[in-house]
2 protein chains.
Amino acid sequence: MMTALKRILIGPPLKTEELKDQKIPKWKALPTLSSDALSSVAYGPEQILTVLAPIGAVALWYSLPIAGAIIFLLVMLGLSYRQIIHEYPGGGGAYIVSSDNLGTFGGLTAGSALLIDYTLTVAVSSSSGVAAISSAFPVLRPYTVLIGVFFVLLIMVLNLRGIRESGTIFSFPTYLFILGILGLVVTGLVKVLIQGVPSHVPPVTNHLPKGLTLFLLMRAFSSGCSSLTGVEAISNSTPNFKKPVKQNAARTLAVLVILLAILLAGVTGLAYLYHVVPNHETVLSQIAAHIFGHSVFYYYIQVTTALILLLACNTSFSAFPILASMMSDDKFLPRMFGVRGDRLNFSNGIIFLAVAAIVLIIAFEGNVNQLIPLYAIGVFLSFTLAQTGLVCRWIKNKPKHWLSKLVINLIGAILTFVVTIIFAVTKFTEGAWIVVILIPLLILIFYRIRRHFVLVGQELQIDIETDKPEEIESRIIIPVSGISKVVRNTIGYAKSIGGEAVALYIGFDEEDVKRMESQWEKWAPDVRLVTTVSRYRSVIRPLLRFIDHMGEDGKHRRITVLVPEFIPRQWWTKALHNQTGLMIRVILLFRKDVVISTVPYHLKH
Amino acid sequence: MMTALKRILIGPPLKTEELKDQKIPKWKALPTLSSDALSSVAYGPEQILTVLAPIGAVALWYSLPIAGAIIFLLVMLGLSYRQIIHEYPGGGGAYIVSSDNLGTFGGLTAGSALLIDYTLTVAVSSSSGVAAISSAFPVLRPYTVLIGVFFVLLIMVLNLRGIRESGTIFSFPTYLFILGILGLVVTGLVKVLIQGVPSHVPPVTNHLPKGLTLFLLMRAFSSGCSSLTGVEAISNSTPNFKKPVKQNAARTLAVLVILLAILLAGVTGLAYLYHVVPNHETVLSQIAAHIFGHSVFYYYIQVTTALILLLACNTSFSAFPILASMMSDDKFLPRMFGVRGDRLNFSNGIIFLAVAAIVLIIAFEGNVNQLIPLYAIGVFLSFTLAQTGLVCRWIKNKPKHWLSKLVINLIGAILTFVVTIIFAVTKFTEGAWIVVILIPLLILIFYRIRRHFVLVGQELQIDIETDKPEEIESRIIIPVSGISKVVRNTIGYAKSIGGEAVALYIGFDEEDVKRMESQWEKWAPDVRLVTTVSRYRSVIRPLLRFIDHMGEDGKHRRITVLVPEFIPRQWWTKALHNQTGLMIRVILLFRKDVVISTVPYHLKH
């Protein structure tokens, strides 16, 4: 039944040969790879305003220079990542670039930052998508968490099926979203030109408004930087582009940077002009409502926003399992992350990501504002590491034009490093501390996992020429509870595998034991029966004593314990019987040299 | 570590011989067996007032005739149960009496009613105990559920240790409580005599106050009947009394009935005189505060009330596991309920009861008023069945004075039946429906469990003379993942148990398989290796196909699959490895004739 359900949800298994790289054209690569970056327009500008609004209306003007600074940072990042594309045409995620140029520690730092970041992308994007929907349909607001969890599960199932083949459909939401926001910006600006600036726009003053400290400005800036998450996606996927690979990827990156800059500037500008302040309704929804009223255009904006945000979740669902599988191959993560599932994707990574994101959504009640302080710090840390990695590379390899390349990446590294620090400091108490603790913790865990694998690998290695399998003496113990079909079945099995077999009967009083001995004599005199009385009614302790006793003659031998197991026809009846077999199995598992054989007995009832 | 913790909490195991009946004197039997009944004074009168109070002050007078009716019922019950003591000196719980005289269905009805009732006694008594404490210390009110759960766990641990030997200490609270309430009643009455009736006592009118319907009066009556829960305890434990058993038990019952009648009348009367109305503070706490102020005496009343209520919980903790073990012996409940634990008590029943009561406390937020509608219906149903059982017995056996005995039990049966019906009708929508559904459901489950055990028993039975264990051909399959120490270990074991062994290698591509074949030829040419390519990367399906293939020649043979199992030194490293072994084991468990042998390999790391 479970298998049938799995087949319906996930589809039939695929052969290994069906795994091949798909090359995608630019027009399809842009929407797929940039949904994460572009969708952050839905929450980035809002985050700036969330910090500034409590100071008062006069502070809102500062969102404009902050957006300007963010756009400057975006352009610098674009230039830096352009160089990664050219240097790592095989795909240069921060984990690869850092491992390659900064060593294991750098790579693991980037890896842990990225794993955290991908998980947060899913939580933030789906929560933000739900916010877009519930802004349009306030009746859904009480179900925020439920809807968010449902979306994550939906995307998980789609990814377990493997959705790469249906990529074309998935490029629509991004284009529709870009179109919608551009339309919104143009209409909004035209309206302002015709009707004039709404009267309530506060005047710009020369000095900082009261209460607006440098700390707050930096906090607003770092919050806004969440708009930049996702710009690295294209450089990670360079090999998926059609030839000429590098040029196509670089051009797509350039388009992404320009588009994102326009959307960011547009949304922040409109928010300022229309004097929008965050409340339970999203900023984007308020802007759209101001400009379009509650017309079809308004709902178009909300729905496409929600769709591109879900698509952004999806980006993490393809990036996380791949990174986890690379780290598993490098022995930093458990084996299960490196195994391809029925549909050729890394299903364990997909499921792990979904569960982790759902835990976050539930813990933070699907509230984007509370998730943001955890977010972006990982992204910017990985940005910093990737740039620093390239800086080291230029110094080491000194290729053509290495100095100008170095300058670009050095500026990128310094800028992103500064943002990381600003983020960690200004958001520390709001939640960034979790990430600040989590990253070194993860690195430690990665090292310990690798250490374990290396040691076990050495331990298990053998020399084919000299290390041959050898027979050692073996003895069989059959705990019996009486004389029944189950016992007959188990004794029959013991006879069939040969070796010296002893039946062990543990009675609760002498009378019990005597009756059993005389019956056994009649029934199976050829099988040796050992009996013992357990005054404490435990069967485990006498069994363990008997096993110890067998080893006392000093001979090294293996002991096989045959444990009969009822397999009932109806599952619920299993719980009605004694669980002695299960207990014996669990406890013997930790005894050296004891093999536990589960001999099934299939009940007809 | 788990074992050590268990030892500290529960104590060392006891030998079976240490199980012997303890005979207890009357002065010790009264407090132990009557705590359930007497403690219900803490919530019974309050339940009457809870129903009447919303009508208005004039309705409160009706609590007096209602209490009168309940006391009359109590006396009738006392007379009826006196006869059970004489007829069943071996202990006559409703389950035994009903099974004996009304057949299996009657017995199971009583059994399910009692199991529900014992569970509710724990939930109601502990919640009521917490209410007594939080009335005295309102600061604890937010922690009601937590404290209730803690108390249940505490009583569970005490019962797992086995607390019978320390019975003397446990008789103090009951006597202290009786003393306290008697003192309260006397002081309260004297105060009224000296200071006169408080002026706000409403006048008695001739006609029913507006809004006080017959339905409400019956509801108040049935709520108040929760005071009678527990009067059957003495007749259940007749054999524990010293000789002359019957006379001592009957006298103790008489004392209980008289004491309970006095306490009930006293508390209800004081509540009326002092015009106490239920609110977040218990009625008993309000009365005590009126009479004693917040002096030492007040705290004495609250603490002894809480203690006797916890003792009442404890009564259920001794009754439930014994009933469950009897029903398990009769094959109506899973075996685990009939097994004595390390400390000779039925530990599974104790743990089950604690868990069920904790679930109730959490679900009903430790609110006594919400639990009461579920309570008492089971008690009165079991009362009715026990009395009816005796009526049938008198008619069938016709002993001396059978007619007068029959009249007493018939009246008892009719009265308790009427109360059961009143309860079910007036409380139906408030929660009684749960019990009305649950009882037949439990009966159905009991029947199905017994049917399973009977069928399995027949299936497993063998004829010692003819049904001997027989050897059948056996073959061993060893799934191998490469050549390593683990594989060497498993092959070595296969050699030691003899029989035809085949190593099965499942590769993911042809190259893989060829490399393995050539290496194997060098390493262990004497062990046959079968290889196969799994294009779907599953190892389970090719293994199952291979097993099927072995059975295809039509010969009946057993197949043993040797599954190597890593036993790491540190538990957490277990999760790092592939769980293929576990998967193979789970899936093969459902294959007929396949024996799964877990061959351990103990890692040094």
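Chain A has the name APC family permease in an unreviewed UniProt entry, where Scopulibacillus cellulosilyticus is given as its organism. Taken directly from UniProt, the Subcellular location (unreviewed entry) text for chain A runs: "Membrane".

1. Comments concerning a nonpolar patch on the surface
Residues and elements named next belong to chain A. On the surface, Phe215, Leu410, Ile414, Phe417, Val418, Ile421 and Val425 cluster together into a nonpolar patch covering about 610 Å² of accessible area. Broken down by element, the nonpolar patch gets its largest block of residues, six residues, from helix H16 (residues 402-426). Structurally, the position occupied by Val418 is in helix H16. The partly exposed category is assigned to Val418, whose relative accessible area is 39%.

2. With respect to helix H6 (residues 144-161) of chain B
All names here are of chain B. For H6, with 18 residues, the first-to-last C-alpha span of 26 Å sits near the 26 Å given by 1.5 Å per residue. Along H6, the residues that are buried comprise Thr144, Ile147, Gly148, Val149, Phe151, Val152, Ile155, Met156, Asn159 and Leu160. Looking one or two places after H6, you find Gly162, whose phi comes out positive at around 90 degrees.

3. Quick notes on the nonpolar core
Nonpolar side chains in soluble globular proteins tend to end up buried together. Membership of the largest hydrophobic core comes to 141 residues, with the highest contact counts inside it found for Leu52, Leu184, Ile287, Phe317, Met327 and Phe380 of chain B. Sorting elements by how many residues they give to this core places helix H5 (residues 94-136) of chain B first, with 18 residues. Counting 135 residues, the second largest nonpolar core, distinct from the first, contains Leu30, Ala94, Val368 and Leu374 of chain A.

4. What to know about the relation of the copies chain B and chain A
Between chain B and chain A, which share one sequence, the superposing operator has a rotation angle of 180 degrees and an axial displacement of 0.1 Å; the RMSD is 0.1 Å. This pairing of chains is accounted for by a two-fold axis. Proximity to the rotation axis, assessed at the C-alpha, singles out Ser597 of chain B in chain B; its C-alpha lies 2.0 Å from the axis.

5. Regarding the packing of helix H8 (residues 214-224) of chain A against H16 of chain A
Residue and element names in this part refer to chain A. Where H8 meets H16, the axes come as close as 9 Å, and the angle between the chain directions of the two elements is 115 degrees. The crossing of H8 and H16 is left-handed. Here H8 contributes Phe215, Met218, Arg219, Phe221, Ser222 and Ser223 to the contact with H16, which in turn contributes Val419, Ile422, Phe423, Val425 and Thr426. Of the residues that constitute the contact of H8 with H16, the class distribution is seven nonpolar, three polar and one charged.

6. A closer look at the interface of chain B and chain A
Counting residues at the interface gives 84 residues for chain B, matched by 84 residues for chain A. Counting each side, the surface lost to burial between chain B and chain A is near 7700 Å², with a carbon and sulfur contribution of 58%. Considering only the surface of chain B that becomes buried against chain A, Glu459, Pro469 and Arg537 of chain B emerge as the three largest contributors, covering 10% of it. Here Asp467 of chain B ties to Arg488 of chain A by a salt bridge, and the two come within 2.9 Å at their closest N and O atoms. One can count 21 residue pairs in polar contact (both at pLDDT 80 or more) joining chain B with chain A. Those elements giving two or more residues to the side of chain B that touches chain A turn out to be helix H17 (432-460), helix H18 (485-497), helix H19 (510-523), strand E4 (558-567) and strand E5 (594-602) of chain B. Per element, the largest residue contribution to the side of chain B that touches chain A is ten residues, and it comes from H18 of chain B. Split into classes, the residues belonging to the side of chain B that touches chain A amount to 37 nonpolar, 21 polar and 26 charged. Bridging between strand E5 (residues 594-602) of chain A and E5 of chain B involves three bridges; their strand directions are antiparallel. Paired with Thr598 of chain A across the two strands is Ile596 of chain B, which belongs to E5 of chain B.

7. Observations concerning the packing of aromatic side chains
Residue and element names in this part refer to chain A. Under the criterion given, the structure shown has 22 aromatic pairs over all chains. Geometrically, the ring pair formed by Phe337 and Phe352 is edge-to-face, given 5.4 Å between the ring centres and 85 degrees between the ring planes. Of this pair, Phe337 sits in the loop between helix H12 (296-329) and helix H13 (347-363) while Phe352 is found in helix H13, placing the two residues 15 residues apart along the sequence. Here Phe337 falls in the buried class, since its relative accessible area comes to 6%. Phe352 gets classed as partly exposed once you look at its relative accessible area, which sits at 43%. The ring centre of Trp402 lies 5.4 Å from the NZ or CZ of Lys398, which sits over that ring.

8. Observations regarding the side chain of Ser35 of chain A
Structurally, Ser35 of chain A can be placed in helix H2 (residues 26-39). Not counting residues within four places of it along the chain, the set of residues in contact with Ser35 of chain A comprises Leu30, Thr174, Ile308, Leu311, Ala312 and Thr315 of chain A.

9. Digging into unusual backbone geometry
All names here are of chain A. Between Lys243 and the following residue, Pro244, the backbone shows a cis peptide bond with an omega angle of -5 degrees. By the element assignment, Pro244 lies in the loop between helix H9 (233-236) and helix H10 (245-273). For Glu365, which is not glycine, the phi torsion reads 50 degrees and is therefore positive. Structurally, Glu365 is set in the loop between H13 and helix H14 (368-371).

The rules behind the values
- Residues numbered from 1 in each chain as written.
- Chains lettered and ligands numbered in written order.
- Predicted model: local features only at pLDDT ≥ 70, side-chain atom pairs only at ≥ 80, totals over all residues.
- Heavy atoms only, no water.
- UniProt positions renumbered as here; feature names shortened; annotations may be inferred.
- Patch = residues over 30% accessible without salt bridge, like charges linked within 9 Å, V, L, I, M, F, W, Y side chains within 5 Å.
- Areas by Shrake-Rupley, 256 points an atom, 1.4 Å probe, with all protein chains shown as cover.
- Salt bridge = Lys/Arg side-chain N within 4 Å of Asp/Glu carboxyl O.
- Helix = DSSP H or I, 4+ residues; strand = E, 2+ residues; numbered from the N terminus.
- Buried < 20%, exposed > 50% of the residue type's maximum accessible area, 1.4 Å probe, protein only.
- Expected span 1.5 Å × (residues − 1).
- Core = buried A, V, L, I, M, F, W, Y, C linked by side-chain atoms within 4.5 Å.
- Least-squares fit on C-alpha atoms with pLDDT ≥ 70 in both.
- Axes fitted to C-alpha atoms, helices over the stretch in contact; angles between N-to-C directions.
- Left-handed = near helix turned anticlockwise from the far one by under 90°.
- Contact = heavy atoms within 4.5 Å.
- Nonpolar A, V, L, I, M, F, W, Y, C, P; charged D, E, K, R; others polar.
- Buried area = accessible area lost by both parts, 1.4 Å probe.
- Polar contact = N/O pair within 3.5 Å; in protein donor to acceptor, adjacent residues only side chain to side chain.
- Pairing = 2+ DSSP bridges.
- Phe/Tyr/Trp six-rings, centres within 6.5 Å; stacked < 30°, edge-to-face > 60°.
- Lys NZ or Arg CZ within 6 Å of the ring centre and 35° of its normal.

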